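Below are the chains, spelled out letter by letter.
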Amino acid sequence: MQYYSVFERQLLKDKIQQNSPYHLIVIGGGVTGAGIALDAASRGMKVCLVEKQDFASGTSSKSTKLIHGGLRYLKQFEFKLVAETGRERAVIHHLAPHLVHPEKMLLPIFKNGSMGKFTASLGIRVYDLLAGVEWKDQMTYLDENEVRAIEPLLASDKLLGGCLYAEYRTDDARLTIELVKTAIAQGADCINYVEVNDFITRNDRVVGVKSVDVLSGEHFHIEGKVVVNAAGPWVDGLREKDGSKKGKTLHLTKGVHLVTPHQRFPLKQSIYFDVPDGRMIFAIPRGQVTYFGTTDTDYHGTLDKVVASADDVDYLINAVNSTFPDLDLSRRDIQSSWAGLRPLIHEQGKSASEISRKDEIFVSASGLLSIAGGKLTGYRLMARKAVNRVEQFLRADEGLSFKACQTKNILLCGNNFHSEKDVLDYQENITDRIKEFGLEARYGQYLVQNYGYQTQKILELVAGQSGEPDPALRLLRCELQYCLQHEMVCTPLDFLTRRTGRMYFDMALVKQYYSFILKDFQNAFAWTETQYETQHKEVLQSIEDLSMF
Ligand code: FAD
């Protein structure tokens, strides 16, 4: 039996005890760990994934939300990285076309900017070639008037022209949760809110993990022939427990994004622009908002709570105002934000922005495999590499053999589509259908891009909830029912932040309706008043952390 429902959590924990020992235990339910669990389970391995908080609660919900090869890595001559991740974009689009959308990106060229027409065009031509972009999607150079036509906000006298090139945008947390669900469908046991606090060793080999259910306090052991540490920024903390934090270590850099109402930053076109200090910033319109980022600064603070500082906010606002002077954005215009840590591999003498984004696997004397670095876009390739190593161990030590990597052909949950056109047709159909519930048209796109074909199930719930007169609240509560039953959502913040993205992209709605969500949780889990108050405080604290500077 597969467990997707939070109400089956105890059964899932019992199953994990019964299934132990596993072939593989994965620590960390970010995109890296989720990708590894899916790859391993689909090769026939018995897999358990444990995540100490919610799935995607680390870096994998705090990225720029692009599936991209990383144009700027060309400057660092990272041709292999650009080629690999560039080509991977189309693969991930195929695996989840409702979640990964083609998006044209504009790189404007300014008088006295860091890039001229020749270098920018040449760079993007190389990028397209390395990434194997189809001819029809390759870069086009636009003159000044053409750039102004697609992005009137850039009406600056310094504008010379621009390059329009192909990228993809996504929702990182949704991608991660669909990967977890697909891994479960392939037979993996995946559980959130279970923290690994030590390793079990026998004859100096790691043979499992000591873990604790963070929600109940219950301690239990899970045994596994191989353990992979995919804990993102926490990788070195676990290596310390294993006594193997030697040689290369992590270098954490912080990246912040800010969100404004679209009316205040009415960008029509996703854009990648350089700012006076030579860094590059993305600004991306998304539904009712525009978001922009990122910063890239060394980080030495606590890993469990990373927030945007007033300096981060001012830096990004100044960067945007310097390119779009008529906007005159200020702190008051920021409705939300997120801040994440890049788990990069330290390189002596290099600054935050110069460090490579390459991934690396460390194998300790105890047999613990740790994987770090890399990008959201490269999750499948990283997983393939890690599971190949796991397979080598299992073959050498246990004489076991498994199938080769299957993930290029395993469509992610929610994908019943054959093409981008199928997604758009389905979106049109849903937009039409939700009119009968009084829902605004924008929810059609939101639902399909969040849940893909699973929208069907949510609308069945909406149809059965005619007692709730407010359409937006009715949808929100039905999404919650769906996420409790199918997406292991344990707290209001799991739901409002990582399953629906509303904490980032619809803060006004969160403020209006969060008390209803808290009440629904209280009813679903029979919370005491104290439990209710604890969760209430967490929601209020999060609103403050994300939006008050
Ligand atoms: P995480 O997502 O952090 O996952 C690690 C997980 O391990 C966490 O959920 C944590 O709770 C869990 N964990 C830790 N310790 C334990 C324990 N003891 N027990 C159990 N669980 C544990 N990449 C792109 O391709 N495109 C982009 O646009 C992009 N933009 C970015 C922008 C920023 C600002 C940043 C910071 C990164 C960006 N990246 C981007 C990179 C990408 O987001 C990361 O490479 C990726 O999300 C890392 O995923 P991960 O699973 O390795 O780490």
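Up top is the structure.
Residues numbered from 1 in each chain as written. Predicted model: local features only at pLDDT ≥ 70, side-chain atom pairs only at ≥ 80, totals over all residues. Heavy atoms only, no water.

Peer 1: What is the right way to look at the pattern of salt bridges in this model?
Peer 2: For side chains bearing opposite charge, pairing can occur when the charged atoms are close. The full count for this structure, using the stated rule, is 44 salt bridges. A salt bridge links E84 to K80, with the nearest nitrogen and oxygen atoms 3.5 Å apart. Of this pair, E84 and K80 both sit in helix α3 (residues 79-95), 4 residues apart, which is roughly one turn of the helix. For K80, a relative accessible area of 64% corresponds to the exposed category. The shortest N-O distance in the salt bridge between E487 and R499 comes to 3.9 Å. On the criterion of sequence distance, the pair formed by E487 in the loop between α13 (471-486) and α14 (492-499) and R499 in helix α14 is long-range, its members being 12 residues apart. Note on accessibility: E487 and R499 belong to one class, buried. (Salt bridge = Lys/Arg side-chain N within 4 Å of Asp/Glu carboxyl O. Helix = DSSP H or I, 4+ residues; strand = E, 2+ residues; numbered from the N terminus. Buried < 20%, exposed > 50% of the residue type's maximum accessible area, 1.4 Å probe, protein only.)

Peer 1: Looking at this model, I keep getting lost on the packing of aromatic side chains. Mind explaining?
Peer 2: Two numbers describe a pair of aromatic rings. These are the distance of the centres and the angle of the planes. Overall, the coordinates contain 20 aromatic pairs when judged by the stated rule. With centroids separated by 5.2 Å and ring planes inclined at 55 degrees, the aromatic side chains of Y291 and W338 adopt a geometry described as tilted. Taken together, the positions of Y291 in strand β14 (residues 289-293) and W338 in strand β16 (residues 336-345) put the pair 47 residues apart, joining distant regions of the chain. This pair shows no difference in class: Y291 is buried, exactly as W338 is. Ring pairing ties together the aromatic residues F7, F521, F525 and W527, which thus form one cluster. Here the basic side chain of K65 rests over the ring of W338, its NZ or CZ set 4.5 Å away from the ring centre. The residue whose ring lies beneath R239 is F362, and the NZ or CZ to ring-centre distance is 4.2 Å. (Phe/Tyr/Trp six-rings, centres within 6.5 Å; stacked < 30°, edge-to-face > 60°. Lys NZ or Arg CZ within 6 Å of the ring centre and 35° of its normal.)

Peer 1: What's the story with the site of the ligand in this structure? I'm lost.
Peer 2: What surrounds the ligand is a group of 38 residues, the closest being T32, E51, S60, L66 and T377. Between T32 and the ligand, the recorded distance is 2.7 Å, taken from a side-chain N or O atom to an oxygen atom. In the environment of the ligand, a nitrogen atom lies 3.0 Å from a nitrogen or oxygen atom belonging to the backbone of K52. Bound to the protein, the ligand loses 97% of the 1000 Å² it would expose on its own. If you list the elements that add at least two residues to the shell around the ligand, you get α2 (31-42), β8 (194-202), β11 (250-261) and β16. (Near = heavy atom within 4 Å. Polar contact = N/O pair within 3.5 Å; in protein donor to acceptor, adjacent residues only side chain to side chain. Areas by Shrake-Rupley, 256 points an atom, 1.4 Å probe, with all protein chains shown as cover.)

Peer 1: Looking at this model, I keep getting lost on the pairing of β14. Mind explaining?
Peer 2: On a regular strand, one side chain projects to one face of the sheet and the next to the other, so that they alternate. The buried count for β14 comes to 5 of 5 residues, which makes it a mostly enclosed element. Of the two faces of β14, the one carrying V289, Y291 and G293 and the one carrying T290 and F292 are both buried. Note: β11 against β14, 5 bridges, orientation antiparallel. Bridging across to β14, P261 finds its partner in V289. Here strand β13 (residues 280-286) hands over to β14 after 2 residues, with G287 in that stretch at a positive phi of 60 degrees. (Pairing = 2+ DSSP bridges.)

Peer 1: Before we go on, may I ask you to explain the nonpolar core in this structure?
Peer 2: A general feature of soluble globular proteins is that nonpolar side chains tend to end up buried together. Among the nonpolar cores identified, the biggest contains 73 residues, and L107, Y165, Y272, Y443, L447, F495 and F521 are the most heavily contacted of them. For Y443, the residues in contact, after removing those within four places along its chain, are I434, A472, L475, R502, D506 and L509. By size, the runner-up hydrophobic cluster in this structure holds 57 residues, among which are V227, A283, V313 and L316. (Core = buried A, V, L, I, M, F, W, Y, C linked by side-chain atoms within 4.5 Å. Contact = heavy atoms within 4.5 Å.)

Peer 1: What is the right way to look at the environment of W234 in this model?
Peer 2: Within the secondary structure, W234 sits in the loop between β10 (219-229) and α7 (235-241). Classification of W234 by relative accessible area gives partly exposed; the value is 23%. The sequence separation of W234 and G467 amounts to 233 residues, and the corresponding C-alpha distance is 46 Å. Residues in contact with W234, not counting those within four places in the same chain, are K52, G58, L303 and D304.

Peer 1: Just to check I follow, could you spell out the packing of helix α12 (residues 455-463) against α13 for this structure?
Peer 2: Each packed pair of helices is defined by two parameters, the angle between the axes and the distance between the axes. Two elements in contact, α12 and α13, have axes whose closest approach is 9 Å; the angle formed by their N-to-C orientations is 125 degrees. Our classification of the angle between α12 and α13 gives oblique. The handedness of the crossing between α12 and α13 comes out as right-handed. Contact with α12, carried on its side by K457, I458, L461, V462 and A463, involves R474, L475, C478, E479, Q481, Y482 and H486 of α13 and no other residues of that element. Partitioning the contact of α12 with α13 into residue classes produces 7 nonpolar, 2 polar and 3 charged. (Axes fitted to C-alpha atoms, helices over the stretch in contact; angles between N-to-C directions. Parallel < 35°, antiparallel > 145°, perpendicular 65-115°, else oblique. Left-handed = near helix turned anticlockwise from the far one by under 90°. Nonpolar A, V, L, I, M, F, W, Y, C, P; charged D, E, K, R; others polar.)

Peer 1: Just checking my understanding: could you explain unusual backbone geometry for this structure?
Peer 2: Leaving glycine out, the prevailing phi sign among residues is negative, and the prevailing peptide bond configuration is trans. Each neighbour pair has its own omega, and for S20 with P21 the value is 10 degrees, a cis peptide bond. The residue after G293, namely T294, is reached through a cis peptide bond having omega 25 degrees. For T294, the position within the fold is in the loop between β14 and β15 (297-298). In the Ramachandran plot, Y193 falls in the positive-phi region, its phi being about 55 degrees despite a non-glycine side chain. Tracing the backbone shows Y193 in the loop between β7 (189-191) and β8. Its identity is not glycine, yet N203 carries a phi of approximately 50 degrees, on the positive side. By secondary structure assignment, the location of N203 is in the loop between β8 and β9 (205-213). Here N203 falls in the exposed class, since its relative accessible area comes to 74%.

Peer 1: How do you make sense of the layout of surface pockets when you look at a structure like this?
Peer 2: Remark: the empty space left among the atoms is shown by a probe the size of a water molecule rolled over them. As a volume, the second largest pocket reaches approximately 550 Å³. Around the second largest pocket sit 22 residues that line it, and R286, G287, Q445, Y446 and Q449 are the ones nearest its centre. Looking at the lining of the second largest pocket, the elements that each hand over two or more residues are β4 (101-110), β13, α11 (442-451) and α15 (502-505). Of all the elements, α11 adds the most residues to the lining of the second largest pocket, at 6 residues. A class-by-class count of the residues in the lining of the second largest pocket yields 5 nonpolar, 10 polar and 7 charged. (1 Å grid on protein atoms, 1.4 Å probe; cavity = no way out; pocket = protein on both sides within 12 Å on 5 of 7 lines; lining within 4 Å. Points joined across faces, edges and corners; volume = space filled by probe spheres on them.)

Peer 1: Even after reading the chapter, I still don't get helix α9 (residues 379-398), so can you show me in this structure?
Peer 2: Since there are 3.6 residues in each turn of an α-helix, residues three or four apart along the chain are aligned in direction. In this model α9 runs 27 Å from its N-terminal to its C-terminal C-alpha over 20 residues, within 8% of the 28 Å that 1.5 Å per residue would give. Those residues of α9 not exposed but buried are Y379, R380, L381, M382, A383, A386, V387, V390, E391 and L394. G399 sits one or two positions beyond α9 and adopts a positive phi of about 70 degrees. (Expected span 1.5 Å × (residues − 1).)

Peer 1: For this particular structure, what's the right way to read the environment of V390?
Peer 2: Inspection of the secondary structure assignment puts V390 in helix α9. Excluding residues within four positions of it along the chain, V390 makes contact with L24, M45, V226, V228 and L369.

Peer 1: What should I look at first to understand the side chain of K181 in this one?
Peer 2: Following the sequence through the fold, K181 ends up in helix α6 (residues 172-185). Apart from residues no more than four positions distant in its own chain, K181 is found in contact with Y4, R174, C413, Q454, Y482, H486 and E487.

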